[in-house]
Amino acid sequence: MTERTAQIASSHGLHARPASLFTQAVAKSGVKVNIAKGDGKAVNAASILGVISLGIESGDTVTISSDDANADAILDDLAAMLGRDLDAE
Amino acid sequence: MPSSSATTLLHGAGIGRGLAIGPVVRMPAPLPEPEATPSTLTPAAELDRASAALQATAADIRARGERAGGTAHDVLEAQAFMAEDPTLADDVEARVQGGLTAERAVFEAFASFRDLLVSMGGYMAERATDLNDVSQRVVANLRGVPAPGIPDPDFAFVLVASDLAPADTALLDLDKVLALVTSEGGPTSHTAILARDKAIVAVVGAAGALELTDGQTVIVDASTGSITASPSDDEVTRAEQTLAERKARPVAPTGAGRLADGTTVPLLANLGSADAAADAVAKGAEGVGLFRTEFLFLDSTSAPSVEAQQEQYTKLLAAFPGKKVVVRALDAGADKPLSFLNDSDEENPALGLRGLRALRANEQILRDQLTALANAAAVTEADLWVMAPMVSTVEETRYFTALGRELGLNTLGVMVEVPSAALLADRILADADFASIGTNDLTQYTLAADRLLGSVAAFQDPWHPAVLRLVGEVGRAGQTLGKPVGVCGEAAADPLLAVVLTGLGVTSLSMSPAALADVRAELALYTLEQAQEFAALALAANSAFEARAAVLEATTAPSERSV
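Along each chain, residue indices are assigned from 1 in the same order as the chain's sequence is written. Here every chain gets a letter starting at A, and every ligand a number starting at 1, in the order they are written. Where local features are concerned, this predicted model is filtered to residues with pLDDT of at least 70; where side-chain atom pairs are given and counted, the filter is 80 or more; whole-chain, interface and lining totals use all residues.

S.K.: Can you walk me through the nonpolar core in this structure?
M.R.: As a rule of thumb, soluble globular proteins bury nonpolar side chains together. For our purposes the nonpolar core covers buried Ala, Val, Leu, Ile, Met, Phe, Trp, Tyr and Cys residues that link as a set through C-beta atoms within 7 Å. Exposure in this text rests on C-beta crowding, where 20 or more other C-beta atoms within 10 Å of a residue's own make it buried, 12 or fewer make it exposed, and counts in between make it partly exposed. The C-beta atoms are placed from the backbone. Residues B:Val325, B:Val414, B:Ala435, B:Val500, B:Leu501 and B:Leu509 are the most contacted members of the largest nonpolar core, which totals 100 residues. Of the residues forming this core, the biggest block, 7 residues, is contributed by helix α13 (residues 363-378) of chain B. Under the DSSP-based scheme used, a helix requires at least four consecutive residues in state H or I and a strand at least two consecutive residues in state E, with every element numbered from the N terminus.

S.K.: Got a minute to help me understand the sheet that holds strand β8 (residues 226-229) of chain B in this structure?
M.R.: Sheets are built from strands that pair by backbone hydrogen bonding, the pairs being arranged parallel or antiparallel. All names here are of chain B. Two strands form a pair only when DSSP identifies at least two bridges running between them. With mixed pairing, the 8 strands of this open sheet are ordered in space as β1-β8-β7-β3-β4-β5-β6-β2. Edge positions in the sheet fall to β1 (8-11) and β2 (13-15), since each has one partner strand and no second. Across the sheet, the mean angle from the axis of one strand to that of its neighbour is 30 degrees, orientation sign disregarded. Here β1 runs beside β8; their pairing, made up of 4 bridges, is antiparallel. Considered in β8, the bridge of Leu 9 is made with Thr 228. Axis definition: a line fitted to C-alpha atoms, over the contacting stretch in the case of helices. Angles run 0 to 180 degrees between N-to-C directions.

S.K.: Would you explain unusual backbone geometry in this entry?
M.R.: Excluding glycine, a negative phi dihedral is what most residues carry, and trans is how most peptide bonds are arranged. Residue and element names in this part refer to chain B. In this model, Ser 230 sits at a positive phi of 45 degrees, which is unusual for a non-glycine residue. Relative to the helices and strands, Ser 230 is located in the loop between β8 and α8 (233-248). Judged by the 19 C-beta atoms lying within 10 Å of it, Ser 230 is partly exposed. For Met 390, which is not a glycine, the phi torsion comes out positive at approximately 45 degrees. By the C-beta count within 10 Å, which is 25 here, Met 390 ends up buried.

S.K.: What am I meant to see in the interface of chain B and chain A here?
M.R.: Note on interface size: it is often stated as the accessible area lost on association of the parts. Note that contacts rest on C-beta atoms placed from the backbone: two residues are in contact if these are within 7 Å. Counting residues at the interface gives 13 residues for chain B, matched by 14 residues for chain A. Every element with two or more residues in the side of chain B that touches chain A is listed here: α2 (70-83), α3 (86-97), α4 (102-120) and α5 (122-143) of chain B. Its residues placed into classes, the side of chain B that touches chain A shows 10 nonpolar, 1 polar and 2 charged. In the scheme used here, Gly and all other residues not listed as nonpolar or charged are polar, with Ala, Val, Leu, Ile, Met, Phe, Trp, Tyr, Cys and Pro taken as nonpolar and Asp, Glu, Lys and Arg as charged.

Here you go:
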């Protein structure tokens, strides 16, 4: 399993538009990715309802992971995305 | 069923003065909740049904979004993602494995996410209605019935519904809607507010409206609050003539609001953000009678800084040089709770720690806001007035005016929304520089009817003589003490009621900018003396309906005393 951690930069956390942008990026990657907040339970990162239900706020640390062998580059991109202020984009 | 040949007449509360003729299209009724009876199919078969319905619904929603374009496209695209959501699909699967039907599993899965979003509050809670809509569509697909929701025929129509929710109207193609008719809801319902905002002909709270049938021709006359179903040829011809005459008439008068005898009644705008200022000026607003500051706070988990607020207030005030701008201090609570102000669960939030009470309990927030306002006033040319929301006592009035003056503000007033404040208006206005009557809340508190509760919407009518008597108390106190009394509720946007209000001693009216033209035109028809006669008629009535009817009758048969 490949993992990355990221700190949420979006000023309102991973709700609304940032959550939508992030989950769509995951869905587009075609790779099964999970996301967890802190030590909490992991949910499907392509699910906007799942991601929203984690209640991720600005500054929270999250872990994204995948069992896919080719997930490295994708996880790098996604982690970088979480590190940007998506509200401002 | 009414036959299509018999003419019937319905009555409700008209919004504005418009007239429309067209065919009825009814809003489909919501689907009943799917029964929780165990499935007679295998879980695998139910799962196939559910998956197919979710996919088909997502595709349908996406196609509608592409047709709609604009903001609706984004809303619908987000809804399509909800229907395709993998977490939701997992949840549905688990429920189907437990023996539920696909319908029930979908219904429950959406409901559990909806409850989650509602519990998160704010923006997420607003998305909960989207989930409901998607859920209904998937269930409709499973049952093979038409999806409920906004009809979208390819002709112009009169939309008939019990009431409309914001989620419905967001997707409504307003270009095709000739008029809105609802059987429920009052003049402050979402439908009424939307109609006023977009200048759509509307009659709300028309009992019997749901018996109108699809395709039936109706004449909707908002000026009389009447709906003529299956009109005679004569009636249609007459209505068409009236429409043609109105079209030919030069657009509503512009300039300052005044009565026929020259009495000035400044017409001001209700605004919710500084961005809307230019539009208000274009529509002839003589200033701002109610600037709601909640938008600065709603999406925040903490109050914005003095600097951030000052920037917004400066932008607003700069749009109205030399003009009056009345800003209301943060009004949180009841229908719009803020996490950092209203933290405790209250059984009756409308009667709880809201308005000035909440600000007082968090005085630093109030101090910051008043400081930001004073700073913005210092660098702009507008005449800034600041008022406190939901004041109920003389002591609260004194608290607010003293604090405002301490922080450098000149003109400080109070909202009169609570009957106690109206009844003691003479003492409150002895201290405050002005009063502004919020008729929506004043009606809610006077008639003890929750503004947000559909089942008591019929009570929410500012024409009620009890409400008007309270308005009269404030008007009289204002005149005795030489203090201005404004109205900034929906009542001010009802042209005829606006005349009655001036007759009760109200000196300025504030409304959504779209309503300004109609109110200006109506005021110009009557003298102050006539307005006072109308006010006396309304006060003498037994009900809101009788009050409106008595004044309407008087307008069509001018009294002998008037010139």
